[in-house]
Amino acid sequence: MTQEFDVIVVGAGIIGPVLAHALANDGRKVLLIEKNWDEPDRIVGELLQPGGVQALERLGLADCIEGIDGIPVYGYGVFFRGEAVNIPYPKSSDGQTILGKSFHHGRLVMKLREAAKGCSNVVPLEATVNELVKDEAGQVVGVICTKKSENEETKLKFSAPLTFVADGIFSKFRKECLPVQPKLRSHFVGFIMKGTTLPYPKHGHVILARKSPILMYQIGSNEVRVLVDVQGKLPSISNGDMKNYMLEEVLPEIPKQIQHGFKEGVENDRIRSMTNSFLPPTRNTHKGVILIGDAMNMRHPLTGGGMTVAFWDVVHIAELLSKKNVPDFSDTGLVIKQMSKHHWNRKSRASMINILAMALYALFSAPENSENLRILQLSCFKYFQLGGIAVSGPVGLLSGLIPNPLVLMFHFYAVALYGILFHVLLAPLWPSETSPNDLKDTTGKPSSKDSMIFTPATVGLTVAYLPLNIIKALSVLYTACVVFLPLVWSEIC
């Protein structure tokens, strides 16, 4: 059986229904295919930054984050070696905090699907897409899928001049469409704490533990999501090794007021894991098919920017491929031309979010044997404690409200230079209890939490060790460049 549509969307997770809704409202006949329309139960996509909320507003879907027991998010709290700093989201012109939203992932997905199904031009189908159909020239002209009924399977073929593949992090069709593939960075191990009030209510929490970062945020009236980043091979969940790891290695890193809730969550809730991968964006050059969302571009979920990138991609695509710009999707050359514009239009926001996520993860997961990264990690936290522009700039980037990679570059190197100045060059004058990995500074002087101490001894040490400290400073700056510049290059290419 063959049916023709203007466009086929493969996948009805986060981005698929939003794209189908936007294209259908522009008068396109859309086939939206999803293998399972039941509510998904996953530990991803549970915090939407303010920039993502604004994108949904632009798309007319802001009501989808309402009525799902969602929690308004006012900013972040960052914890490091017994200290904490509050990082509020920016305020609007009328003085109100611009809010994000956290929720159960599946509930948002179901609301987005309902919105798409509510469009008369959208045909929803529960089926598994097996193949992208190509013509003799190699252009994708449709899909072949399998629809299951009670006692049989039916193969269906659907034709369309344009197919969007939005089948997520484990995309079936990525290898045949993209020249690069995801690189695994780590895993998030997640569970839910119940009956626990976080130190900063209605805020995301980032705990800079010694081995890797820990995230916490409220996703319901009585539920807090915990995500522990684990590098390397995962301890077994089935035989109890993971539970022991959480209680022995991670629990001591948690703020004391929520350790009891953490322990109960580990012991009573289902522990699950998800992969954290990096996939830089690539140009769309394949005729008749476009990969979007996590199928095309991924970053570490540390900063919660994935949905913001996805929703803004739909904003740009809906405009560039609107009927006024592309009357007929059969005009493949024009579609590719418009998508080439999209590749660059998305850069200001998507590249900023991608680079920020991967750069922060490099600092926040600094291994214990990397003194330079530990210095940068400490410097990042101390930079936040300065307040003012040292907070408003980074949180504006994190929230997706400042779509400017140059601002990111400024703050990243400001962190590096701040660390070089106070924790390397002037280390004897600037002791700190939160020195990286409890290291002594480069002079061997024990740490303390006093402000700068100008004494003949400390000034003398600073002068005496200045040549060595200059070498160390250059080494830290080099490490910062090694972290940041390859990420910039991956976005430019």
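Criteria and thresholds
- Residues numbered from 1 in each chain as written.
- Predicted model: local features only at pLDDT ≥ 70, side-chain atom pairs only at ≥ 80, totals over all residues.
- Heavy atoms only, no water.
- Buried < 20%, exposed > 50% of the residue type's maximum accessible area, 1.4 Å probe, protein only.
- Helix = DSSP H or I, 4+ residues; strand = E, 2+ residues; numbered from the N terminus.
- Contact = heavy atoms within 4.5 Å.
- 1 Å grid on protein atoms, 1.4 Å probe; cavity = no way out; pocket = protein on both sides within 12 Å on 5 of 7 lines; lining within 4 Å.
- Points joined across faces, edges and corners; volume = space filled by probe spheres on them.
- Nonpolar A, V, L, I, M, F, W, Y, C, P; charged D, E, K, R; others polar.
- UniProt positions renumbered as here; feature names shortened; annotations may be inferred.
- Pairing = 2+ DSSP bridges.
- Axes fitted to C-alpha atoms, helices over the stretch in contact; angles between N-to-C directions.

## Quick word on helix α1 (residues 15-24)
Then comes step 1: By the criterion of burial, α1 is predominantly enclosed, with 10 of the 10 residues buried.
Then comes step 2: All of the buried residues in α1 are Ile 15, Gly 16, Pro 17, Val 18, Leu 19, Ala 20, His 21, Ala 22, Leu 23 and Ala 24.
Then comes step 3: On its buried face, α1 sits against β2 (7-10), β3 (30-34), α3 (105-117), β9 (122-126), β13 (163-165) and α6 (306-320).

## Looking at the layout of surface pockets
Then comes step 1: In this structure, the second largest pocket occupies an estimated 290 Å³ of space.
Then comes step 2: Around the second largest pocket, the lining comprises 17 residues; the ones closest to its centre are Arg 81, Gly 82, Glu 253, Ile 254 and Pro 255.
Then comes step 3: Those elements giving two or more residues to the lining of the second largest pocket turn out to be β6 (75-80), β7 (83-88) and β15 (204-208).
Then comes step 4: Here the lining of the second largest pocket is built from residues that sort into nine nonpolar, three polar and five charged.

## So, the UniProt feature "transmembrane region" (unreviewed entry) in the protein chain
Then comes step 1: Following the UniProt record, the feature "transmembrane region" (unreviewed entry) maps to residues 384-403, 410-431, 451-468 and 475-492 here.
Then comes step 2: A distance of 20 Å separates the end C-alpha atoms of residues 384-403, which is 60% helix and 0% strand.
Then comes step 3: Here residues 475-492 runs as 100% helix and 0% strand, with 26 Å between its end C-alpha atoms.

## Details of the sheet that holds β15
Then comes step 1: Strands sit in the order β7-β6-β15-β16-β17-β14-β18 across an open sheet of seven strands; the sheet is mixed. Of all strands in the sheet, those bounded by a partner on one side alone are β7 and β18 (272-278). Neighbour-to-neighbour, the strand axes of this sheet turn through a mean angle of 25 degrees, independent of strand direction.
Then comes step 2: The pairing of β6 with β7 spans six bridges and is antiparallel. Of the residues in β7, the one forming a bridge with Gly 75 is Pro 88.
Then comes step 3: In the packing of helix α5 (residues 259-268) onto the sheet, contacts are made with β14 (183-194), β16 (213-220) and β17 (223-230), and the angle to β14 comes to roughly 105 degrees.

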